[in-house]
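Descriptive analysis of the structure
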Protein chains: 2
Amino acid sequence: MGPGPINAHPRVLRAMSADLLGQFDPEMTGYMNQVMALYRPIFGTRNQWTMLVDGTARAGIEAALVSMVAPGDVVLVVNFGRFGLLLTEILTRIGAVIETVDAPWGEVVPLDRVAEAIARCHPKIVATIHGDTSTTMAQPLDGFGELCRQAGALSYVDATATIGGMELAADRWGVDVVTGGLQKCLGGPSGSAPITISDKAAEHIGRRRHVEQGIRRDDIADGQGPRIRSNYFDLAMVMDYWSDKRLNHHTEATSMLYAARECARIALGEGLEARYARHAAAGRAMAAGLRAMGLTVFGDDAYRMTNVTGVFIPKGVDGEAVRKAMREQFEIEIGTAFGPLQGRIWRIGAMGYNAMKHKVLLTLAALEACLRMEGFALPLGDAVPAALEAWCQDEQA
Amino acid sequence: MGPGPINAHPRVLRAMSADLLGQFDPEMTGYMNQVMALYRPIFGTRNQWTMLVDGTARAGIEAALVSMVAPGDVVLVVNFGRFGLLLTEILTRIGAVIETVDAPWGEVVPLDRVAEAIARCHPKIVATIHGDTSTTMAQPLDGFGELCRQAGALSYVDATATIGGMELAADRWGVDVVTGGLQKCLGGPSGSAPITISDKAAEHIGRRRHVEQGIRRDDIADGQGPRIRSNYFDLAMVMDYWSDKRLNHHTEATSMLYAARECARIALGEGLEARYARHAAAGRAMAAGLRAMGLTVFGDDAYRMTNVTGVFIPKGVDGEAVRKAMREQFEIEIGTAFGPLQGRIWRIGAMGYNAMKHKVLLTLAALEACLRMEGFALPLGDAVPAALEAWCQDEQA
């Protein structure tokens, strides 16, 4: 019950034990096409270029940025936590000119401040995070892409921590590139990064295409733009690989593709609306239970992610001792925190296969017991009923 | 029976269906330490820094090069096939000054020509491929590292196509950094890249360390060298993550780590000597069988890889029709080729779980039948006995 990685869905684990296929076997390329189709609704898009980057979620972020951004490009980062800082970190290495518009950890950046920042710095690309697990905040994105488009900028959003758990709406947001990962709300292992790319962004990236020697073909021309600084993360080549051209690039990570495919099949089988409602119920129940224990939930309820809840470590309690007791006595992991929140909050996830009523209730019961054993005085027995009531809130409404 | 990816060992497939663990769970970090220990003998090294890069084999190559090479550094590439070209491709994007010493596809580069090239261009790094599947040739590497060291250069070898199938001897070769992949002779899926780094290279890379904002710690100082151009492939950060510091970087790809661990356990359980002998027997048998059919094996026997065999497509035979018949009638994949060898040779693998007597014999029997059905006149029934005899050659000796 940490902020991810979390327990995978058993069907995903079983999917990875299927035997491998040749890279260009028609069965394999058929699965690749299925993955493209399966991830479109999950990203809320009709983008043709919806596929996988072979690496962890962070690989998806770097692939997006290094392919979109050329050295010297002005990039505006909408920054409200550790993963906003990660965007600036990656962009520094790419050689971008970085501007930021920031919110303190625990808040989000209002759209009018984004608009002001765009007007101030005329970025070529605007980049942000949907849900930043470091602060448990989710940046509202309706209208975000439109703001960027009006200013002639491409937009990028990393949705690793929300994909499959909170609604992604790449098309409605008007966002050009969105990336994710399997190891949070999709209930899979880390190691594959779903990505979607608008036609406009694909065209932009295609202008930087450079086919490597040894596999050049007369029918695929190089672009005239500055060469992408990475071969592995060159999304122009990755798109050629996922297209009917099937131009060889890396060797697709077959077992991870099976995992990504099964994650999406499970999500669509459940129904995205039902899945988002389940995560919302879990988040609501977790917060209600924690509050019933007398603890203080971190951050503004209006912008909190549904799938991870920050809670202040009460005064006088050794946060690490409680985490250790949770793990050793109950086999339940809860998360520590980064940066300014380190030692101040725990982060408790309820995502993917773990966003289930019984897991939320068991976690609260265990935490109550651990807090009591650590000598913290708290009302006993109130957390579980409060969580159960909050879980059922929508059903009763 | 292509040049990889190939069928995975069933134990590796089962290992991936184990449930996930938290990133810093002691059980997880214990597995990470085991992986470090397990891969040292496989690389033939005592290097402390022996670990995984989370991506396909190509990710391991890029991580090695982008971490070792700063823009403007002179790098000598010992190039004898498509993967040598890939090194130059990646280095171009890194901004290296590239020099090459080349052999035609099907040959290797003699060490004295490497020595001449080093003397000519004074490289900071010398990079090559151990076995280049595009040409089926294996570059001899005894003495290679020593040549580089004498000239004050670091050395790098990609051994993706040979790791677990032909002897790797990083320490005896004196090579600083060696990378691999699971999807060839280790009998696993693509998606995890084992790497080993000498202390000297680790120190060189450490001078470029830059810890990202949000997770900085007082006890970990940045280096003074030029910042590594990639965050994901920053081996200084990856080493900090795999060290006792456990400094957060990407989220380790847990299922792929299980796969990598199981690949190594299987290889060491079989015994590396026995494993290399098995691959050699398979390669010997495949070549003997192909020759008994009247076909011509590609390349010099003295330098051929043991685990993949190139064979000329006979005149008048439609190579793709034969490949299709092999796949559709026999469910056996054999490989096409790249660059100057495209349409001229097939590449037939026998690696990892597929380097087995019965698989070699079945492949030869099927190929004979397909060639006959394509109207090619060949001696019938000779390939299998010839292969069997060659397989047993060492046992009889």
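Here is what the cut-offs are and how they apply
- Residues numbered from 1 in each chain as written.
- Chains lettered and ligands numbered in written order.
- Predicted model: local features only at pLDDT ≥ 70, side-chain atom pairs only at ≥ 80, totals over all residues.
- Heavy atoms only, no water.
- Phe/Tyr/Trp six-rings, centres within 6.5 Å; stacked < 30°, edge-to-face > 60°.
- Helix = DSSP H or I, 4+ residues; strand = E, 2+ residues; numbered from the N terminus.
- Buried < 20%, exposed > 50% of the residue type's maximum accessible area, 1.4 Å probe, protein only.
- Lys NZ or Arg CZ within 6 Å of the ring centre and 35° of its normal.
- Contact = heavy atoms within 4.5 Å.
- Buried area = accessible area lost by both parts, 1.4 Å probe.
- Salt bridge = Lys/Arg side-chain N within 4 Å of Asp/Glu carboxyl O.
- Polar contact = N/O pair within 3.5 Å; in protein donor to acceptor, adjacent residues only side chain to side chain.
- Core = buried A, V, L, I, M, F, W, Y, C linked by side-chain atoms within 4.5 Å.
- Arc of directions from axis to C-beta.
- Domains from an automatic or database assignment.

Observations concerning the packing of aromatic side chains
Per the stated rule, a full pass over the model turns up twelve aromatic pairs over all chains. A ring pair is formed by Tyr232 of chain A and Phe233 of chain B, whose centres lie 5.7 Å apart and whose planes are at 70 degrees; its orientation type is edge-to-face. Placement of the pair is Tyr232 of chain A in the loop between helix H8 (199-206) and helix H9 (235-242) and Phe233 of chain B in the loop between helix H8 (199-206) and helix H9 (235-242), with the two residues belonging to separate chains. Ring centres of Phe24 of chain B and Tyr241 of chain B lie 6.2 Å apart, and the angle between their planes is 80 degrees; on these two criteria the pair is classed as edge-to-face. Placement of Phe24 of chain B in the loop between helix H1 (10-15) and helix H2 (26-43) and of Tyr241 of chain B in helix H9 is noted, with a sequence separation of 217 residues between them. Classification of Phe24 of chain B as partly exposed rests on a relative accessible area of 38%. Given the relative accessible area of 0%, Tyr241 of chain B is considered buried. Three or more aromatic residues link up through ring pairs in this structure, and these residues are Tyr232 and Phe233 of chain A together with Tyr232 and Phe233 of chain B. The ring of Phe338 of chain A has Arg82 of chain A lying over it, and the distance from NZ or CZ to the ring centre is 4.3 Å.

Considering the interface of chain A and chain B
Contact with chain A, which involves 62 residues of that partner, is made by 62 residues of chain B. A per-residue breakdown of the area chain A buries against chain B is headed by Arg58, Arg93 and Tyr232 of chain A, which together make up 14% of the total. On the surface where chain A and chain B come into contact, there are eight salt bridges. Note that Glu212 of chain A is salt-bridged to Arg58 of chain B, the shortest N-O span being 2.8 Å. Linking chain A with chain B are 34 residue pairs in polar contact (both at pLDDT 80 or more). Mapped onto the side of chain A that touches chain B, the elements with two or more residues apiece are helix H2 (26-43), helix H3 (57-68), helix H4 (82-94) and helix H10 (254-270) of chain A. Here the side of chain A that touches chain B gets eight residues from one element, more than from any other, and that element is H4 of chain A.

Describing the nonpolar core
Tyr39, Ile197 and Trp242 of chain A together with Tyr39, Ile197, Leu235 and Trp242 of chain B are the most contacted members of the largest nonpolar core, which totals 195 residues. Not counting chain neighbours up to four residues away, the residues in contact with Trp242 of chain A comprise Met32, Asn33, Val35, Met36, Trp49, Met51, Leu52, Glu252 and Leu257 of chain A.

Details of the environment of Gly283 of chain B
All names here are of chain B. Its place among the elements puts Gly283 in helix H11 (residues 272-292). With relative accessibility at 8%, the residue Gly283 sits in the buried group. Separated by 22 residues in the primary sequence, Gly283 and Met305 have C-alpha atoms spaced 7.8 Å apart. Among all residues touching Gly283, those that are not within four sequence positions of it are Thr306 and Thr309.

A few points about unusual backbone geometry
The omega torsion across Gly4 of chain A and Pro5 of chain A is 5 degrees, close enough to zero to call that bond cis. By the element assignment, Pro5 of chain A lies in the segment before helix H1 (10-15).

Quick notes on helix H5 (residues 111-121) of chain B
Residue and element names in this part refer to chain B. Residues of H5 that are buried: Val114, Ala117, Ile118 and Cys121. Axial view of H5: buried residues confined to an arc of 100 degrees, hence all on one face. For H5, exposure combined with an orientation more than 90 degrees from the buried face picks out Asp112, Glu116 and Ala119. Those residues of H5 that are buried lie in contact with strand S2 (74-79), strand S3 (97-102), strand S4 (125-129) and helix H6 (144-150).

Quick notes on the domain arrangement of chain A
All names here are of chain A. If you check the domain split of chain A, you get domain 1 (10-268) and domain 2 (272-396). For domain 1 versus domain 2, the distance between C-alpha centres works out to 30 Å. The interface of domain 1 with domain 2 comprises 30 residues on the first partner and 23 residues on the second. Applying the counting criterion to the domain 1 and domain 2 interface returns zero salt bridges. Summed over the shared surface of domain 1 and domain 2, the result is six residue pairs in polar contact (both at pLDDT 80 or more). Going through the elements one at a time, H2, strand S5 (131-132), strand S6 (137-138) and H10 are the ones with two or more residues in the side of domain 1 that touches domain 2.

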